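Here are the chains, one letter per residue:
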Amino acid sequence: MMEPSTFYGGPLRGSIDCGCTSLGALIIKRLKQNGQNVAFIDQVTGRTTTFEQVLIGSMKVAGRLKMYGVGKGSIVAISSENRVEYPIVTCAIIYLNATLVLLNPAYTPTELGHVLELTKPKVAFASTKSLKSLQSFSSHIGTVLTFEDHVADFLNNNESQDQLVPSPVILKHDVAVMVLSSGTTGLPKAVQLTHHNVMTVLAIIREDPRYTDLSVPIKSLGLLPFFHVYGFMLTLNTCCNGFPMVVLPRFEPALFLQAIHTYKITMLNLVPALVVFLAKHPLVSQYDLSSLKMILCGAAPLSKDIADQVLERLPHVQSVRTAYGMSESTLGALSNSFATTKPGSVGRAQKTAWIKVVEIDNVSINLGPNQVGEICVKGPLVMKGYYKNPEATKQAIDPTGWLHTGDTGYYDGDGFFFVVDRIKDLIKYKGFQVAPAEIEAVLLSHSAIADAAVVGILDEASGEVPAAFVVLQPGQALTAEQVGNFVAAKLSSAKHLRGGVLFVDEIPKNGSGKILRRELRQRIGSTKAKL
């Protein structure tokens, strides 16, 4: 029996496993059902790949991987930019009940060395761009295979392939994939997601009215990094739920906009930085984006003002929907459905998920409506734990199964949730807790500001004071005083930019669009900026 101040998203209408004894079996079943329909389109070459071709190709790769000794319990890594072959390889690894590890190709040597030493993959797939980095840690990897040579050879092999039948697994125990935590506050941790975790997400999306009730056929854009839990789940969503995807290798403004224009994209899955781009960048008006009907945003907070700017600029977009989740909750635990939403909210509890808010300094106390505390999640979306890190797992998941997210937020009287900020990012000013995201939302509402980030810097008298990093729109000019006055006119005294304003060319962010505040703090130093 749950406490009155917890929220349950309700059960799924259908089965999570659909009678399948592994995630691999589910993928094969759905690829066969989707058959000759187009699954992936390479934005650069225009080449299309059907679901049947994904199935045949992934069977070929799986057959070759068996020759390298890959099987249940093996760890296989991928380090590559987005490409059509990426989901083909991930499916192959999953069929063999091996554990897939998704590596960020932009990892620094310190980050990459840490992850490879932790996971020690039997095989690692690399693109040309990431090959040299992986080879420098060859002692931690059994075999390195490249997409350009090895995978191309596997797929071009015309020998007849036996239809591989995945062996049964213990769905709630066996790990299908490990995604790496974003590492914004330290080295990445390997988040273990079971077959059941992933199958739950696929079942939720299959019943999601944002997908089932859209007024036009869905065609999505594969722009979010496939190594991130958000991008990875979208590739599996294409394979299992039949929504075609146009794959982009990277974000470039013209490439991004041209893809929407050329392929008549109807749904975009984005992070806030890209929604800001759509709201503010002058290049957007040069392309026909009228096919767009829905924008789904996650990975970090999105202000209502930016969402409103996008809707005003792109009136054919029916809505900008936000959701909340993390790698540790296998993607979204809160979401705005197609029918119900509230401005500024990340929605209500996702199906299968329990959500509550607890006091930051006393997690045994549940909070009521409109009280800010730590958001906690329970249910089949919660990870198994961190790989080879029982202490961190114990800190994240309490003995009763609640995942403590490290994010602050609150819910209103209707059960809609609002995310405030990361607990570790809150600025402590004279006893007040100041959320950087709130100040950033105000800064982004200024027409001359293209992007912004706020951090706390040490101050002897006040503890910490907010400082802002600001990127101006092309051709615009502002002084630090003007920016400070703009914020002061809209927010209470504790949130004023006493730490100063620094104008920069760009805001550092990780692959999922989260601001790298640690880098900004290092840049500004530990003393108050004299700006």
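In this text, all values refer to a predicted model and were calculated from it rather than measured experimentally.

(A) Local environment of the nonpolar core. Tyr95, Phe125, Leu221, Phe256, Leu268 and Leu278 are the most contacted members of the largest nonpolar core, which has 133 residues in total. The residues contacting Phe256, other than those within four sequence positions of it, are Leu221, Leu223, Leu248, Phe251, Leu268, Leu270, Phe277 and Leu278. Counting residues in each nonpolar core, the second largest holds 32 residues, with Val434, Val442, Leu443 and Val471 among its members.

(B) Up close: the environment of Lys388. Along the chain, Lys388 turns up in the loop between strand E19 (385-386) and helix H13 (390-396). Residue class for Lys388 comes out exposed when judged on its relative accessible area of 59%. With 199 residues separating them in the primary sequence, Lys388 and Lys189 have C-alpha atoms 9.2 Å apart.

(C) Structural context of the pattern of salt bridges. Tallying each qualifying case throughout the model produces 17 salt bridges. Three or more residues are tied together by salt bridges with common partners; here these are Arg47, Glu81, Arg83, Glu85 and Glu148.

(D) Seen up close, the sheet that holds strand E9 (residues 190-194). Taken together, seven strands build an open sheet; the order of strands is E7-E6-E4-E5-E8-E9-E19 and the sheet is mixed. With partners counted over all chains shown, the strands left at the sheet margins are strand E7 (143-146) and E19, one partner each. With three bridges connecting them, strand E5 (residues 99-103) and strand E8 (residues 175-180) associate as parallel partners. Paired with Val101 across the strands is Met178, a residue of E8.

(E) Quick look at helix H16 (residues 517-524). Those residues of H16 not exposed but buried are Arg517, Leu520 and Ile524. Seen end-on, H16 carries its buried residues on one side only, within an arc spanning 60°. Among the structural elements, strand E21 (417-422), helix H14 (436-444), strand E24 (449-459) and strand E25 (463-472) are those in contact with the buried residues of H16.

(F) Spotlight on the side chain of Glu328. As for its position among the elements, Glu328 is in the loop between strand E14 (319-326) and strand E15 (331-335). Although Glu328 is buried, it makes no salt bridge; Lys189 carries the closest opposite charge, 5.6 Å away. Among residues more than four places away in sequence, those in contact with Glu328 are Ser181, Val191, Leu381, Val382, Met383, Tyr386 and Leu403.

(G) Structural context of helix H2 (residues 51-67). With 17 residues, H2 should reach 24 Å at 1.5 Å per residue; the first-to-last C-alpha distance of 25 Å fits that figure. Buried within H2 are the following residues: Phe51, Val54, Leu55, Gly57, Ser58, Met59, Lys60, Val61, Ala62 and Leu65. Positive backbone phi, approximately 85°, marks Gly69, located one or two places after H2.

(H) Highlighting the packing of helix H1 (residues 23-34) against H2. Interaxial distance between H1 and H2 falls to 7 Å at its minimum, and their mutual angle equals 140°. Regarding the angle of H1 to H2, the classification is oblique. For the pair formed by H1 and H2, the contact residues are Ile28, Leu31, Lys32 and Asn34 on the first element and Phe51, Val54, Leu55 and Met59 on the second. Here the residues of the contact of H1 with H2 sort into six nonpolar, one polar and one charged.

(I) Examining the environment of Asn197 more closely. Among the structural elements, Asn197 can be located in helix H7 (residues 195-207). When the C-alpha positions of Asn197 and Thr322 are compared, they lie 21 Å apart, and in sequence the two are 125 residues distant. Only 2.9 Å separates the side chain of Asn197 from the backbone nitrogen of Thr194, close enough to count as a polar contact. A polar side-chain atom of Asn197 sits 2.7 Å from the main-chain carbonyl oxygen of Pro380.

(J) Spotlight on the sheet that holds strand E1 (residues 7-8). Strand order in this open sheet of five strands is E1-E17-E18-E20-E21, and the pairing throughout is antiparallel. The open sheet terminates on both sides in strands that have one partner only, identified here as E1 and E21.

Rules used throughout
Residues numbered from 1 in each chain as written. Predicted model: local features only at pLDDT ≥ 70, side-chain atom pairs only at ≥ 80, totals over all residues. Heavy atoms only, no water. Core = buried A, V, L, I, M, F, W, Y, C linked by side-chain atoms within 4.5 Å. Buried < 20%, exposed > 50% of the residue type's maximum accessible area, 1.4 Å probe, protein only. Contact = heavy atoms within 4.5 Å. Helix = DSSP H or I, 4+ residues; strand = E, 2+ residues; numbered from the N terminus. Salt bridge = Lys/Arg side-chain N within 4 Å of Asp/Glu carboxyl O. Pairing = 2+ DSSP bridges. Arc of directions from axis to C-beta. Lys, Arg positive; Asp, Glu negative; His and termini not counted. Expected span 1.5 Å × (residues − 1). Axes fitted to C-alpha atoms, helices over the stretch in contact; angles between N-to-C directions. Parallel < 35°, antiparallel > 145°, perpendicular 65-115°, else oblique. Nonpolar A, V, L, I, M, F, W, Y, C, P; charged D, E, K, R; others polar. Polar contact = N/O pair within 3.5 Å; in protein donor to acceptor, adjacent residues only side chain to side chain.

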